[in-house]
Amino acid sequence: MPSLTLGDFELTIFSDGIYPLDGGAFFGVVPKIMWSRKVASDDRNYVQAGLNSLLIRTGKQTVLVETGMGNKLSERMIKFYGQPAKLLTNLTAAGVAPADIDIVINTHLHFDHCGWNTIRGKDGKIAPTFPRAKYYAPEGEWQYARRPSERDAISYIPENYDPLVESGQMTLLKGAEEIVPGISVKTFPGHTAHMQAVIVESGGLTACYISDLIPTTAHIDLTWGMSFDLYPLQTIESRKQYYAKAIAEKWLTVFTHDPKVPWAYVEKDEAGKMQARPA
Ligand SMILES: [Zn+2]
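Bear in mind that the values here come from a model prediction, so they are computed numbers and not experimental data.

Enquirer: What's the story with the sheet that holds strand E9 (residues 170–173) in this structure? I'm lost.
Expert: Neighbouring strands of a sheet are bound in pairs by backbone hydrogen bonds; such pairs are parallel or else antiparallel. Strand order in this open sheet of seven strands is E1-E2-E3-E4-E5-E8-E9, and the pairing throughout is mixed. A strand with exactly one partner marks an edge of an open sheet, and here the two such strands are strand E1 (3–6) and E9. Between one strand and the next, the sheet's axes are offset by a mean angle of 25°, whatever the strand orientation. With four bridges connecting them, strand E8 (residues 134–138) and E9 associate as parallel partners.

Enquirer: What exactly am I supposed to notice about the pairing of strand E15 (residues 263–268) here?
Expert: Side-chain direction in a regular strand flips from residue to residue, so the side chains alternate between the two faces of the sheet. Two elements, strand E14 (residues 252–254) and E15, share two bridges in a ladder whose sense is antiparallel. Each bridged residue has a counterpart across the sheet, and for Thr253 the counterpart in E15 is Ala264. In this structure, E15 lies alongside strand E16 (residues 274–278), joined through five bridges in antiparallel fashion. Residue Tyr265 lies in a different strand from E16, and its bridge partner there is Arg277. Hairpin geometry of E15 and E16 is characterised by an intervening segment of five residues between the two adjacent antiparallel strands and by a positive phi of about 85° at Gly272.

Enquirer: Whenever I open this one, the coordination of the zinc ion confuses me. Can you help?
Expert: Ideal coordination angles are 109.5 degrees for a metal with four donors arranged tetrahedrally and 90 or 180 degrees for a metal with six donors arranged octahedrally. In the first shell of the zinc ion, the protein supplies His108 (NE2), His110 (ND1), His191 (NE2) and Asp212 (OD), at 2.1 to 2.3 Å from the metal. In this structure, the zinc ion is coordinated by four donor atoms arranged in irregular fashion, with angles at the metal of 87 to 176°. Each donor residue of the zinc ion lies on one chain, and together they are spaced H-x1-H-x80-H-x20-D. In this pair, His191 sits in the loop between strand E11 (183–187) and strand E12 (196–202) while Asp212 sits in the loop between strand E13 (205–209) and helix H7 (232–246), placing the two residues 21 residues apart along the sequence. Take His191 and Asp212: they sit in the same class, and that class is buried.

Enquirer: I tried to follow the packing of aromatic side chains on my own but got confused; where do I start?
Expert: Given two aromatic rings, their pairing is described by the distance between the two centres and the angle made by the two planes. Per the stated rule, a full pass over the model turns up ten aromatic pairs. Centroid distance Phe27 to Trp224: 6.0 Å. Interplanar angle 85°. Geometry classified as edge-to-face. Residue Phe27 is located in the loop between helix H1 (23–26) and helix H2 (32–35), and its partner Trp224 is located in the loop between E13 and H7; the two are separated by 197 residues in the primary sequence. For the pair formed by Phe27 and Trp224, the shared burial category is buried. Relative to Trp251, the ring of Tyr242 has its centre 5.8 Å away and its plane inclined at 65°; by these criteria the two rings are edge-to-face. Judged by its relative accessible area of 1%, Tyr242 falls in the buried class. Through successive ring pairs, a cluster of aromatic residues spans Tyr19, Phe80, Tyr81 and Phe111. Taking the ring centre of Trp224 as reference, the NZ or CZ of Lys38 above it sits at 4.5 Å. The aromatic ring of Phe188 is capped on one face by Lys186, whose charged end is 5.1 Å from the ring centroid.

Enquirer: Can you walk me through the side chain of Thr67 in this structure?
Expert: Mapped onto the elements, Thr67 comes out in the loop between strand E4 (62–65) and helix H3 (75–81). Here Thr67 falls in the buried class, since its relative accessible area comes to 0%. One polar contact links the side chain of Thr67 to the main-chain carbonyl oxygen of Cys114, over a distance of 3.3 Å. Only 2.9 Å separates the side chain of Thr67 from the side chain of Asn117, close enough to count as a polar contact. Once residues within four sequence positions are removed from consideration, Thr67 is found in contact with Asp16, Ser53, Leu87, Val104, Asn106, His113, Cys114, Gly115, Trp116, Asn117 and Phe130.

Reading guide: rules and limits
- Residues numbered from 1 in each chain as written.
- Predicted model: local features only at pLDDT ≥ 70, side-chain atom pairs only at ≥ 80, totals over all residues.
- Heavy atoms only, no water.
- Pairing = 2+ DSSP bridges.
- Helix = DSSP H or I, 4+ residues; strand = E, 2+ residues; numbered from the N terminus.
- Axes fitted to C-alpha atoms, helices over the stretch in contact; angles between N-to-C directions.
- Donors = N, O, S within 2.8 Å, 3.2 Å for Na, K, Ca; no water.
- Tetrahedral: all angles 85-135°; square planar, octahedral: opposite > 155°, others 65-115°.
- Buried < 20%, exposed > 50% of the residue type's maximum accessible area, 1.4 Å probe, protein only.
- Phe/Tyr/Trp six-rings, centres within 6.5 Å; stacked < 30°, edge-to-face > 60°.
- Lys NZ or Arg CZ within 6 Å of the ring centre and 35° of its normal.
- Polar contact = N/O pair within 3.5 Å; in protein donor to acceptor, adjacent residues only side chain to side chain.
- Contact = heavy atoms within 4.5 Å.

Spelled out as structure tokens, the structure:
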């Protein structure tokens, strides 16, 4: 697993695996002749997408940002996306047990971001995967997920969050809140109305899990949004806001769906073109 030190914090990427996504859907209105220079597709036009979770050890808490796709997909969804379900195995292999996680943060509640929040037991009952953890997710996302539009209803699986909200184990966030010292959330609308990035600061350094606002290093151009974005013009505005801080202050950007480069520094070259410099 890729790992680095950020001030006093230790950051590690854990993957829930790789899954196939339609290349056209992944790159929105960008013509294939352009995106195919950056990303390879197969004969069905699928490209590979990663499922990167970020583990932060602050010295006091162990914090997991995003929980991948999990293992509760329906047969129909497995036909489209497979179900790699590797996150727990990868955590265990690195000596991280589910009970070691103190805090889980979801940037939004699409199925490929909060899938391992819960597991279904043999008795069919849903239980938290991380028994001791306090879970956090944006309140606006949860409200929306209760009555999603026809367009993206398939992206929400209530078992991933409703039982945690009901039991009080999940706290719903308004945005711009500090969860523990050095770890806070900020709303960046575009992909959804309420998606929150997770900002990690220690020793004068900053990393940001920007989630589906900029899903991979191939999407760093301002206008290369996904067709999944509910508010594409807002995605561009939020990216402008993000880059104004992240480029100027040399933030490390964590890419949720990049199968090869989970984090990088986004920079602008002399011609004004965005570049991702690997960490
Ligand atoms: Zn999403």
